[in-house]
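Now for the letters of each chain:
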Amino acid sequence: MKGYEAVIGLEIHVELKTASKIFCSSSAHFGAEPNANVCPVCLGLPGVLPVLNKRVVEYGIRAALALNCEVARFSKFDRKNYYYPDLPKNYQISQYDLPLAQHGYLEIDTGNGRKRIGITRVHMEEDAGKLVHQGTVTTTPYSLVDYNRTGVPLLEIVSEPDMRSPEEARAYAEKLRSIIQFTGISDCKMEEGSLRVDANVSVRPAGSQGFGVKTEIKNVNSFRALARALTYEIERQISVLEEGGRIVQETRTWDEGKGVTLPLRSKEEAHDYRYFPEPDLPPLVISREWVEEIRRTLPELPDARRERYMKEYGLPAYDAGVLTTTREMGDYFEACVRLYPRPKTVSNWVMGELARLLNATNTEITASPVKPEQLATLLKLIDDGTISGKIAKTVFEEMFNTGKDPQAVVEEQGLVQISDAAAIKAVVEKVIAANPKVVADFKQGKDKALGFLVGQVMKETRGKANPQLVNQLLKESLE
Amino acid sequence: MDLCFQPAHELGRLLREKKVSAVELTGAVYSRIDAVESRVKAYLLTLKEEALNQARAVDAALAAGEELPPLAGIPLAVKDNICLHGVETTCASKILKGFIPPYDATVIERLKEQRVVFTGKTNMDEFAMGSSTENSGFYPTANPWNLERVPGGSSGGSAAAVAAGEAVLALGSDTGGSIRQPASFCGVVGLKPTYGLVSRYGLVAFASSLDQIGPITRDVRDCALLLNAIAGHDPRDSTSAPQEVPDYTEFLVPHVKGFRIGIPREYVGEGIAPEVRAVLNRVVELLEGMGVQVEETSLPHVRYSLPAYYLIAPAEASSNLARYDGVRYGLRVPAEDVVTMYKKTRSQGFGAEVKRRVMLGTYALSAGYYDAYYLKALKVRTLIRRDFDEAFKRFDLILSPTAPTPAFKIGEKVADPLAMYLSDIFTLAVNLAGVPAISVPGGFAGHLPVGVQFIGPPFAEGQLFRVAYALEQETGLAAKRPAL
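Here the structure is a predicted model, which is why all the values come from computation and not from measurement.

Draft legend 1. Examining the overall build of chain B more closely. Counting its secondary structure elements, chain B contains 15 helices and 11 strands. What you see for chain B is a C-alpha radius of gyration of 21 Å, in line with the 23 Å of a compact globule of 484 residues. In terms of overall dimensions, chain B has a C-alpha envelope of 65 × 50 × 45 Å along the principal axes. Expressed as a percentage of its 484 residues, the buried residues of chain B come to 62%. Once local pairs closer than 6 in sequence are excluded, the contacts in chain B between residues at least 24 apart make up 76%.

Draft legend 2. Looking closely at the packing of helix α14 (residues 448-460) of chain A against helix α15 (residues 467-478) of chain A. All names here are of chain A. Taken N-terminus to C-terminus, the directions of α14 and α15 make an angle of 120°; their axes are 10 Å apart at the nearest point. Compared by their axis directions, α14 and α15 come out oblique. The handedness of the crossing between α14 and α15 comes out as right-handed. Every residue of α15 that contacts α14 at Leu-450, Leu-453, Val-454, Val-457 and Met-458 is listed here: Val-470, Asn-471 and Leu-474. Among the residues forming the contact of α14 with α15, the class breakdown is 7 nonpolar, 1 polar and no charged.

Draft legend 3. Layout of the sheet that holds strand β15 (residues 276-277) of chain A. Residue and element names in this part refer to chain A. Pairing is antiparallel in the open sheet, where 3 strands are placed in the order β5-β4-β15. Of all strands in the sheet, those with a lone pairing partner are β5 (91-94) and β15, marking the two edges. Sheet topology note: the strand β4 (residues 78-81)/β5 ladder contains 4 bridges and is antiparallel. For Arg-79, the partnering residue across the bridge sits in β5 and is Ile-93.

Draft legend 4. Layout of the sheet that holds strand β11 (residues 195-205) of chain A. Residues and elements named next belong to chain A. Taken together, the 9 strands give an open sheet; going across it, the order is β2-β6-β7-β10-β1-β11-β12-β13-β14, and neighbouring strands pair in mixed fashion. Taken across any chain shown, the strands that pair with only one partner, and hence form the sheet edges, are β2 (70-71) and β14 (260-266). Where strand β12 (residues 215-220) meets strand β13 (residues 250-255), 4 bridges bridge the pair, whose relative direction is parallel. By the bridge assignment for β13, Ile-217 is matched with Arg-252. Helix α1 (residues 54-66) rests against β2, β6 (101-110), β7 (113-126) and β10 (153-159) of the sheet, and its axis sits at about 165° to β7.

Draft legend 5. How the structure looks around the interface of chain B and chain A. The interface is formed by 36 residues belonging to chain B together with 26 residues belonging to chain A. Among the secondary structure elements, those contributing two or more residues to the side of chain B that touches chain A are α9 (305-320), α10 (338-349) and α11 (352-365) of chain B. When its residues are assigned to classes, the side of chain B that touches chain A shows 20 nonpolar, 9 polar and 7 charged.

Draft legend 6. Representation of the packing of helix α7 (residues 327-339) of chain A against helix α9 (residues 372-383) of chain A within the structure. All names here are of chain A. For the pair α7 and α9, interaxial distance at closest approach is 8 Å and the crossing angle is 45°. Our classification of the angle between α7 and α9 gives oblique. Crossing hand, α7 versus α9: right-handed. Contacts between α7 and α9 pair Tyr-332, Ala-335, Cys-336 and Leu-339 from the former with Pro-372, Glu-373, Leu-375 and Ala-376 from the latter. Of the residues in the contact of α7 with α9, the class split is 7 nonpolar, no polar and 1 charged.

Draft legend 7. Region of interest: the nonpolar core. The biggest cluster of nonpolar side chains holds 230 residues, and the ones touching the most others in it are Ala199(A) and Leu76(B). If you look at the next biggest cluster of nonpolar residues, it comprises 31 residues, including Ala320(A), Val322(A), Leu354(A) and Leu415(A).

Draft legend 8. The arrangement of the pairing of strand β9 (residues 397-401) of chain B in detail. All names here are of chain B. Within β9, 5 of the 5 residues are buried, which leaves the element mostly enclosed by the surrounding structure. The pairing of strand β7 (residues 260-264) with β9 spans 2 bridges and is classified as parallel. By the bridge assignment, Gly-262 is partnered in β9 with Ile-398. Direction of pairing for β9 relative to strand β11 (residues 448-455): antiparallel, over a ladder of 4 bridges. If you follow Ser-400 over to β11, its bridge partner there is Gln-453.

Draft legend 9. Representation of α10(B) in the model. All names here are of chain B. In this model, α10 (12 residues) spans 16 Å end to end at C-alpha, consistent with the 16 Å of a helix rising 1.5 Å per residue. Within α10, the full set of buried residues consists of Tyr-342, Thr-345, Arg-346 and Gly-349. Along the axis of α10, the buried positions cluster into a sector of 90°, meaning they face one direction only. For α10, the exposed residues lying more than 90 degrees away from the buried face are Thr-340, Ser-347 and Gln-348.

Draft legend 10. Local environment of helix α10 (residues 389-402) of chain A. All names here are of chain A. Helix length check: α10 (14 residues) gives 20 Å between terminal C-alpha atoms against 20 Å at 1.5 Å per residue, within 8%. Within α10, burial applies to Ile-391, Ala-392, Val-395, Phe-396, Met-399 and Phe-400. Elements in contact with the buried residues of α10: α8 (343-361), α9 and α11 (406-412). Directly after α10, the chain includes Gly-403, whose backbone phi takes a positive value near 75°.

Draft legend 11. Spatial organisation of the pairing of strand β4 (residues 169-174) of chain B. All names here are of chain B. With 6 of 6 residues buried, β4 is to be regarded as a mostly interior element. A two-sided burial pattern is seen for β4, the buried positions comprising Leu-169, Leu-171 and Ser-173 on one face and Ala-170, Gly-172 and Asp-174 on the other. Bridge analysis of strand β2 (residues 75-79) against β4 gives 3 bridges, and the strand direction is parallel. Paired with Ala-77 across the strands is Ala-170, a residue of β4. As judged from the 6 bridges shared by β4 and strand β6 (residues 212-217), these two strands associate in the antiparallel manner. By the bridge assignment, Ala-170 is partnered in β6 with Ile-216.

Conventions used here
Residues numbered from 1 in each chain as written. Chains lettered and ligands numbered in written order. Predicted model: local features only at pLDDT ≥ 70, side-chain atom pairs only at ≥ 80, totals over all residues. Helix = DSSP H or I, 4+ residues; strand = E, 2+ residues; numbered from the N terminus. Rg over C-alpha atoms; globule rule 2.2 N^0.38 Å. Buried ≥ 20, exposed ≤ 12 C-beta atoms within 10 Å, placed from the backbone. Contact = placed C-beta atoms within 7 Å. Axes fitted to C-alpha atoms, helices over the stretch in contact; angles between N-to-C directions. Parallel < 35°, antiparallel > 145°, perpendicular 65-115°, else oblique. Left-handed = near helix turned anticlockwise from the far one by under 90°. Nonpolar A, V, L, I, M, F, W, Y, C, P; charged D, E, K, R; others polar. Pairing = 2+ DSSP bridges. Core = buried A, V, L, I, M, F, W, Y, C linked by C-beta atoms within 7 Å. Expected span 1.5 Å × (residues − 1). Arc of directions from axis to C-beta.

Pasting the structure below:
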């Protein structure tokens, strides 16, 4: 990167979770049998006509407002013409020169503080179907077409070329997902394709204001892949330039396995989409009243919630940021804090143990086997001395695996903390007697020795001894 | 009495008075089809069995004393670009051979509620692109008044079917004159409704911003009755107008005194056959005799109608017809890969005129040409619309010939597309402006019928019917039938 600066812009497609498709009443739900969610309209049979789903516009406005955009009073649909077997009409109904909304932004955290990334436009369009190849697209003897996704509503959100590093691009994409997900209009699941990211990237000499020749990268299937693909592509472009070569404007595809971007099609091979106004749909006139009505129903968004967590709960910025990545995570945290009002402790558990087990088992937080009430109860058991903090982690894992209440786990496994001073005292005496050399070390001022002795006591009690009491009794006995 | 040549309103009365049964009427129409269809070739497909079943059901309902809608039991032919559930719909194109729609067009749904009897699907220029029905992918239709002549187009099959007594009523579609010009050539009444009055759902699109379905009938009253049945808002067509539809038969009064009618000088200049001019002059005399004020006026931009139309319509068509690619339905010419399959299917499936327009439209929309062609055409369209707005401040209606000539000979213009396009010179502007127009028989040129066109402001179909009806009473031409 030495001497160069990257310029990155992202085009993100978000699938809206409306009940029906954008121009017909077929179900828009993911995961049905192939070609189950179709009708003459989304199949583009001769003679059918599109009718705009009002909910799609409402969701689009909701996203636009959450992204600080200006919603157009007058907008229209256009046809984007290209041939592909997954596109039944061989044109896609999209929006070209008068999109739903423009001129927005969102803010990301960078190493140098907050940075505002511009959002050029938000527009509505219909999704295409899916080709099912037998093997790869180049070797398949034939392909099957599934039109379930055809006509599922999409928002395309185009950023300004405001990002300067793969990390910023990733932060933008993740922030955008959070915001959209908070508004409740999309699941934003990259693995199911309900959030798709294409990246435009170019490099230029550091300090220069002009733009280099850009390439577009497709087929990035995770945020990690986005950052990796951009890192690779930036390095590639720099080495081409360093070797005296020129960047070719082209579309490239990310090969996740090989970790490289590969040419897909050049500018010359690019489609001429022959956009023109969709004659089957009248222009869309959006009243200010409707926009304001939708604005009033906007939920609290990630940035506002993060601020609130810092102010109201005294959480560090890092915790507040992580907990507001998804609406569900914040909701879980708040539900737990309501029952156990020590926010930092709850935050540690949610970001630590809970997040670890959810990730390991690929579970959504809404489907967590440990409910917020159960976590709160567990934390109270630590506070009242029933179990130690260390044992609590064991209990939590058991709760996560079985869905049982903490008390039940503690009782079944006999994990109740020993806070009986006499019982601990006996173990302490035994440990002191068995370790004369360590005791001698301690008396010579080696503090570490105390830790070893504590560990021995805990081991003897299978971790159940109250650690404070062990410490206290050991010190008394040794003095 | 020859049932096949009675108007629907008269047949409806006979049915209700049980002087005729629906089965008799349908049987008479099919006898007529048996007698003349081999010469006229109005149909691509007939539905005799289904039609007789529908007729029997109507008779049963009448026998049971049910009150039936005005068009119950009336045989009606459907242009083959309108979808009828379960019946092959090809738009007279080889590329759609075998396509059977799993749905009814909205107009068909409404006519089923009326308990109309569907006789069959009529021939047309492929995808409604043409003015003579010679562009049918299957065979041309002949004009019942002279079998060596064209019936006009693109709704030539529907107009010929009504004229030949092979149907009582017919549906056509009009994108640039495709109802009115064949109505003129075949001596019947044809209406292009205001854009948005009749649902386009189930009409296979040619040029979406211009297409309208409309009636082709034996007389003006039938035209009003059929429009009553098919007009009105449809939530499945976003371009359909959300407004109340009157009973159009209430406008059928023979009083037109004080009506102001303008004749645009652009429509009576060069290029009009003398016999057509003579018919127009005679019509003006008749109207003036009824107390109508007829004056010359001007629509300064209509002379750009043809170039504007031949950019807008092909542009939309190039996109609308993109779906015929062999992937899902209709013709597929197999090939080693999908792109080759597309090319072979479309090369073999489409006829020359369709290919010409798809190429024109693709070109007009291409990067670098859009502003010069398509966008410019849209601007011209706006100017034409304003011309009509201005004219209707001074006139109730506008009058013109429907077509510059009577029916021409089969083969006469096939080698010269531009000459063929000029056949619609008086009808194109109406579609560009979105206004309604009716073609009604005005007289004869020898043995060939000649129609005149009344154009009205948006949603003034009632006024069109009123004047057309009054004229029809004067000319008595509704009773004329070809000696076939």
